[in-house]
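Here is how the chains run, residue by residue.
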Amino acid sequence: RARSDTSLGGAGTVRADTPQLTVRLAGLEMAQPRKVMLGSGEAPEGWEVIRTPSEIAHLDCNTVFVEGGAATATAFLREGLVDRLMLYRAPILIGTGKACLSDIGLTQLGDAHGRWQISDSRSLGKDRLEVYESAQ
């Protein structure tokens, strides 16, 4: 978050979890991103609201850290507004869980090839981080 000027959460996540979306690293407390909620209705105090992902262009920001659930991630991917994916994986299986994405508009497997290039992969304790960069 300290590298982003904006942190964005979906309305469902913001209302259910009341996330802080703050920088909590010692020495970087002053590097707080602005908070934006994607959706409609009232947002918590100190948050801005946009109704669609394309409205992010009107907020005068360069780097947006999207921290929403499946609906928010899907909305940004569908609009082609994602430059980098950071996927964190835990070494557990839970069976039928919540989907991390829904339909992003790809109907053919061949259309998905070449869209993303892995740029980093590392262990973070027991978890794994994979970073993908958009190839488009």
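You'll find the structure just up there.
Residues numbered from 1 in each chain as written. Predicted model: local features only at pLDDT ≥ 70, side-chain atom pairs only at ≥ 80, totals over all residues. Heavy atoms only, no water.

Description of the sheet that holds strand β4 (residues 64-66)
- An order of β3-β2-β1-β4 is seen for the four strands of this open sheet, with the pairing classed as parallel. Edge positions in the sheet fall to β3 (47-50) and β4, since each of these pairs with one other strand and no more. Neighbour-to-neighbour, the strand axes of the sheet open up by a mean angle of 30°, direction not taken into account.
- In this structure, strand β1 (residues 6-10) lies alongside strand β2 (residues 34-38), joined through five bridges in parallel fashion. Each residue of the ladder has a partner; that of Gly-10, found in β2, is Leu-38. (Pairing = 2+ DSSP bridges. Helix = DSSP H or I, 4+ residues; strand = E, 2+ residues; numbered from the N terminus. Axes fitted to C-alpha atoms, helices over the stretch in contact; angles between N-to-C directions.)

Looking at the layout of surface pockets
- Volume-wise, the largest pocket comes out at about 1800 Å³.
- If you go around the largest pocket, you meet 44 residues; those closest to its centre are Phe-65, Val-66, Arg-84, Leu-85 and Met-86.
- At the level of secondary structure, the elements contributing two or more residues to the lining of the largest pocket comprise β4, α2 (70-78), β5 (84-89), β6 (116-124) and β7 (127-134).
- Among the residues forming the lining of the largest pocket, the class breakdown is 26 nonpolar, seven polar and 11 charged.
- As a volume, the second largest pocket reaches approximately 380 Å³.
- Along the wall of the second largest pocket there are 16 residues; nearest its centre are Leu-77, Ile-104, Arg-115, Trp-116 and Gln-136.
- For the lining of the second largest pocket, the per-class residue count stands at 10 nonpolar, three polar and three charged. (1 Å grid on protein atoms, 1.4 Å probe; cavity = no way out; pocket = protein on both sides within 12 Å on 5 of 7 lines; lining within 4 Å. Points joined across faces, edges and corners; volume = space filled by probe spheres on them. Nonpolar A, V, L, I, M, F, W, Y, C, P; charged D, E, K, R; others polar.)

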